[in-house]
Amino acid sequence: MQTTRWNIHDLTQMALLAALLSASAYLAFPIPVTLVNVTAQTLILNLIALLLDRRKAALTVLVWILLGAVGIPVYSGGRGGLSELVGPTGGYILGFLIAAYLIALLKGKEYALPRYLLVTICIGIPVIDLLGATWYKFFADISWRTALLTTALPFLPGDLIKSIAAVLMAKPFQVALTHIRRRPSA
């Protein structure tokens, strides 16, 4: 069995990204047709998955989920608590965890714009939005059509923009992080 050992740079990076995901929840804008807000969280979620390997990305999102579960206001609109995990946005929260793992797993080892776009748009968006819509369908006891029209479709344009932005941001972040790791300590 392989043991995972992370250094202080890895742990700091994961903590900062979890904090950034938490802060991004406060950029929340309601949509009239649904109880789900538009947030900057999907942008940061994609960035986490593009910057970290699959284990680090999943653990970073899991830490964020646990922070919210114990009541720290890190979910959309500054909410927290177990009720959020079983409420209307619970599927999105679960989708974040699965999407982060899958994007990080499938992105490859080196930055590649087409591949990064492919995994964030064709894997990340469907996982998040379909899990969110599925959860919402059962939570609100509505039809599949209504669930998709109110909790997935309205978010697609913004999700595309946020995916593209995360992919474009990933390269400079990766360069900066590589430079920080190689810098000799004083």
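The rules behind each value
Every chain is numbered on its own, with residues counted from 1 as its sequence reads. Where local features are concerned, this predicted model is filtered to residues with pLDDT of at least 70; where side-chain atom pairs are given and counted, the filter is 80 or more; whole-chain, interface and lining totals use all residues. Note that the side-chain values use all heavy atoms of the structure and ignore hydrogens as well as water. Helix and strand definitions here come from DSSP, where helices need a minimum of 4 consecutive H or I residues and strands a minimum of 2 consecutive E residues; each element is numbered from the N-terminal end. When a residue's accessible area, from a 1.4 Å probe over protein chains only, is under 20% of the maximum for its type it is buried; when over 50% it is exposed; and in between it is partly exposed. With a 1 Å grid laid over protein atoms only, a set of points is called a cavity when a 1.4 Å probe fits there but cannot get out and a pocket when it is open yet has protein on both sides within 12 Å along at least five of seven lines; lining residues have an atom within 4 Å of a point. Grid points are joined across faces, edges and corners, and a volume is the space filled by probe spheres set on the points. Interaxial angles span 0 to 180 degrees and are taken between N-to-C directions of axes, which are lines fitted to C-alpha atoms, for helices over the stretch in contact. An angle counts as roughly parallel when it lies under 35 degrees, as roughly antiparallel when it exceeds 145, as roughly perpendicular when it falls between 65 and 115, and as oblique in every other case. Two helices cross in a left-handed way if the nearer one is turned anticlockwise from the farther one by less than a right angle. They cross in a right-handed way if the turn is clockwise. Here a residue-residue contact requires only that any non-hydrogen atoms of the pair lie within 4.5 Å.

## So, unusual backbone geometry
Now for step 1: Phi at Asp 141 is positive, roughly 55°, even though this residue is not glycine.
Now for step 2: With respect to the secondary-structure elements, Asp 141 resides in the loop between helix 6 (113–140) and helix 7 (144–151).
Now for step 3: Of the residues examined, Asp 141 reaches a relative accessible area of 69% and is grouped as exposed.

## So, the layout of surface pockets
Now for step 1: In this structure, the largest pocket spans a volume of roughly 570 Å³.
Now for step 2: Every residue lining the largest pocket is counted, 22 residues in all, and those nearest its centre are Leu 51, Lys 107, Gly 108, Lys 109 and Gln 174.
Now for step 3: Listing elements by their share of the lining of the largest pocket, those giving two or more residues are helix 2 (41–51), helix 3 (54–69), helix 5 (90–106) and helix 8 (156–182).
Now for step 4: Per-element accounting of the lining of the largest pocket gives the leading share, 6 residues, to helix 8.

## Details of the packing of helix 1 (residues 8–24) against helix 3
Describing two packed helices takes the angle between their axes plus the distance from one axis to the other.
Now for step 1: Two numbers describe how helix 1 lies on helix 3: the axes approach to 9 Å, and their chain directions differ by 50°. Taken together, helix 1 and helix 3 sit at an angle that is classed as oblique. The interaxial crossing formed by helix 1 with helix 3 has right-handed handedness. Packed against helix 1, whose contacting residues are Asp 10, Met 14, Leu 17, Ala 18, Leu 21 and Ser 22, the element helix 3 presents Lys 56, Leu 59, Thr 60 and Trp 64 at the interface.

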